[in-house]
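The residues making up each chain are set out below.
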Amino acid sequence: MALAGHAAAATLTVRPGESIQAAIDRAQNGDVIEVQRARYQENLRIDKTITLRGIERPTVDGSGKDDTIRVIAPDVVIEGMIVANSGDNRYKQNAGIYVQPGAHRAKVQHCYLAYNLFGMWIEKADDVQVLHNNITGKRDYDSPRRGNGIQLYNTKGARIIGNQISFVRDALYIDVSHHAIFQKNNLHHSRYGTHYMNSYYNLWEDNDTWKNQAGLALMEVRDQTIRNNRAWNNIDHGIMLRTLQDAVVENNIVMGNKRGFFVYDMEFTKMLGNVVADNYTGVHLAGAARNTWDGNDFIQNRLQVKYVLTRDQQWGGPEGNYWSNYRGWDRDHDGRGDIPYEANDIVDRLSWRYPAVQMLLGSPAVQALRLVGQQFPVLRVPSVVENHPRMLPRSTEWAKWRERVQKENPNVR
């Protein structure tokens, strides 16, 4: 045993063939336990305020039962470990690392969590930090049988930063957790990149979600800042905003999804500077009012907006939105169109209601119907309308990002 830092703290070393749990049992609050590289088949209970540090990434193997590591004490640090092979009892919420109620300020960093049911389960523990970890689930299980990558329940002040999470049910599952920061996480090959509800005053920034069933799903939330994220090549929506209030959604790139944004029951929210490109539907909008849509670029979506409400909704502001299918002109050269843009017409409504109509969209009869609908208000349908849309896209840097993504992922459109 060697002294570390000051007289009250010690460094204990665990060598191959020894027990990590035995070292925890001997340790005092404030001690550091350094674990040398080996495979340790045991289920750990950390009931003291210690640092558990892996040297050259040793493995703690839970042998397919219970939690691989359960954190009970506050202020525990776990770093540089491989944590693997938890049990698979969903009712007991078996996890690679289970941070139980009261284990405040736990920090898990630079770890690999592999083949656990839940990567991390964090419950009623505040100010937890999960930093720069790689989390993969039981990828040979069907999605409904897997657990989530990181599950937060009833927490405050969490910091979830720089993690790689894949092949789980939902990469991040957030419920009743407030004042949290989620930054620079890569979330892919799961059901939801983020499944998130009943949580307030959180920041979502600079995260990537791709090749999930859906990217970010934020439901029953308010006072969110969602900025500089990228949601691309997800099977359904890139970003879902359902029952959202008092939020700012800005400078996100939403590309190559079935639906870029799915928006339902959203109000008092600012949608600013987002790039919505190459999606089948750019924005599917229902039940949304009293929001601001300005400075967004809608580029080459097969359908820019699917709008199913009963009255026009006015978009645009000082910046103006760009619409790649706008056919107006700018005679005064102020950078804004001189005639309004309307996202939908009677033909769009008919094709949504009767999908077989899509087979006829290129026919002269349908094109004539579009023209008649534009000329005679009696055939006009409610739509998203922008009186003076922007003539050129606001964002340019996103195209370089798209080029790199397409090079690295050839199947992305």
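Because the structure is predicted, anything quoted here is derived from the model rather than measured.

Asker: Even after reading the chapter, I still don't get the overall build of the protein, so can you show me in this structure?
Answerer: For the protein, the count of helices and strands is four helices and 41 strands. Burial analysis of the protein (413 residues in total) assigns 55% to the buried set. Taking the contacts inside the protein whose residues are at least 6 apart along the sequence as the reference set, 40% of them involve residues at least 24 apart. Accessible surface, the protein as shown: approximately 18500 Å² in total, 49% of it carbon and sulfur.

Asker: Can you help me understand the pattern of salt bridges in this one?
Answerer: Side chains bearing opposite charge may pair, as long as their charged atoms lie close to each other. Taken as a whole and judged by the stated rule, the model has 16 salt bridges. Across the pair Asp-208 and Arg-230 runs a salt bridge, and its minimum N-O distance is 2.8 Å. Of this pair, Asp-208 sits in strand 25 (residues 208-210) while Arg-230 sits in strand 27 (residues 230-232), and the two are 22 residues apart along the sequence. Residue Arg-230 is classed as buried on the basis of its relative accessible area of 15%. Put simply, Lys-184, Asp-206, Asp-208 and Arg-230 are held in one network by salt bridges that share partners.

Asker: I would appreciate a short explanation of the sheet that holds strand 40 (residues 341-342) in the present structure.
Answerer: In a beta sheet, neighbouring strands pair by backbone hydrogen bonds and run either parallel or antiparallel. The three strands are arranged 38-41-40 in an open sheet whose pairing can be described as mixed. The outermost strands of the open sheet, each flanked by one partner alone, are strand 38 (313-314) and strand 40.

Asker: Whenever I open this one, unusual backbone geometry confuses me. Can you help?
Answerer: Peptide bonds are trans in most cases, and residues, glycine excluded, mostly fall at negative phi. Positive phi values are uncommon outside glycine, yet His-189 reaches one of about 55°. Relative to the assigned elements, His-189 resides in the loop between strand 22 (186-188) and strand 23 (192-197). Positive phi outside glycine occurs at Glu-220, with the angle close to 60°. Tracing the chain through its elements places Glu-220 in strand 26 (residues 214-227).

Asker: Quick question: what am I supposed to make of the packing of aromatic side chains here?
Answerer: For any two aromatic rings, the description comes down to two numbers: the centre-to-centre distance and the angle of the planes. Overall, the coordinates contain 14 aromatic pairs when judged by the stated rule. Considering the side-chain rings of Tyr-115 and Tyr-141, the 6.4 Å spacing of their centres and the 80° angle between planes classify their relative orientation as edge-to-face. Pair noted here: Tyr-115 is in the loop between strand 13 (112-114) and strand 14 (118-123) and Tyr-141 is in the loop between strand 16 (134-136) and strand 17 (150-156), with a separation of 26 residues, a long-range link. A relative accessible area of 13% places Tyr-141 in the buried class. Measuring from ring centre to ring centre gives 6.5 Å for Phe-182 and Tyr-196, while their planes differ by 85°; the resulting arrangement is edge-to-face. Taken together, the positions of Phe-182 in strand 21 (residues 181-183) and Tyr-196 in strand 23 put the pair 14 residues apart, joining distant regions of the chain. Comparing Phe-182 with Tyr-196 shows no difference in burial state: the two are buried. Linked through ring pairs, Trp-293, Phe-298, Trp-315, Trp-323, Tyr-326 and Tyr-341 together constitute an aromatic cluster. The ring of Phe-167 is capped by Arg-139, whose NZ or CZ atom sits 3.6 Å from the centre of that ring.

Asker: Honestly, the nonpolar core in this entry has me stumped. Any pointers?
Answerer: Note that soluble globular proteins tend to have their nonpolar side chains buried in a common cluster. In terms of nonpolar packing, the biggest core is built from 78 residues, with Ile-33, Ile-78, Ile-97, Leu-241 and Phe-261 touching the most fellow members. For this core, the element with the highest residue contribution is strand 26, accounting for four residues. Ignoring sequence-local partners within four residues, the contact set of Phe-261 consists of Ile-239, Leu-241, Val-249, Val-254, Met-271, Asn-274, Val-276, Gly-282, Val-283 and His-284. Grouped together as the second largest cluster of nonpolar side chains are eleven residues, Ile-253, Ile-299, Trp-398 and Trp-401 included.

Asker: Help me out: how do you make sense of the side chain of Asn-207 in this one?
Answerer: Position of Asn-207 among the secondary structure elements: in the loop between strand 24 (200-205) and strand 25. Within the local environment of Asn-207, its side chain forms a polar contact with the backbone oxygen of Phe-182, the two atoms lying 3.0 Å apart.

Asker: Can you walk me through the pairing of strand 28 (residues 237-245) in this structure?
Answerer: Side chains on a regular strand alternate between the two faces of the sheet. Burial runs high along strand 28: seven of the nine residues are buried. Of the pairings in the sheet, the one linking strand 26 to strand 28 comprises six bridges and is parallel in character. Each residue of the ladder has a partner; that of Ala-217, found in strand 28, is Met-240. Taken together, the seven bridges between strand 28 and strand 31 (residues 259-267) define a ladder with parallel strand orientation.

Thresholds applied
Residues numbered from 1 in each chain as written. Predicted model: local features only at pLDDT ≥ 70, side-chain atom pairs only at ≥ 80, totals over all residues. Heavy atoms only, no water. Helix = DSSP H or I, 4+ residues; strand = E, 2+ residues; numbered from the N terminus. Buried < 20%, exposed > 50% of the residue type's maximum accessible area, 1.4 Å probe, protein only. Contact = heavy atoms within 4.5 Å. Areas by Shrake-Rupley, 256 points an atom, 1.4 Å probe, with all protein chains shown as cover. Salt bridge = Lys/Arg side-chain N within 4 Å of Asp/Glu carboxyl O. Pairing = 2+ DSSP bridges. Phe/Tyr/Trp six-rings, centres within 6.5 Å; stacked < 30°, edge-to-face > 60°. Lys NZ or Arg CZ within 6 Å of the ring centre and 35° of its normal. Core = buried A, V, L, I, M, F, W, Y, C linked by side-chain atoms within 4.5 Å. Polar contact = N/O pair within 3.5 Å; in protein donor to acceptor, adjacent residues only side chain to side chain.

By themselves, these figures tell us nothing about what the structure is for.
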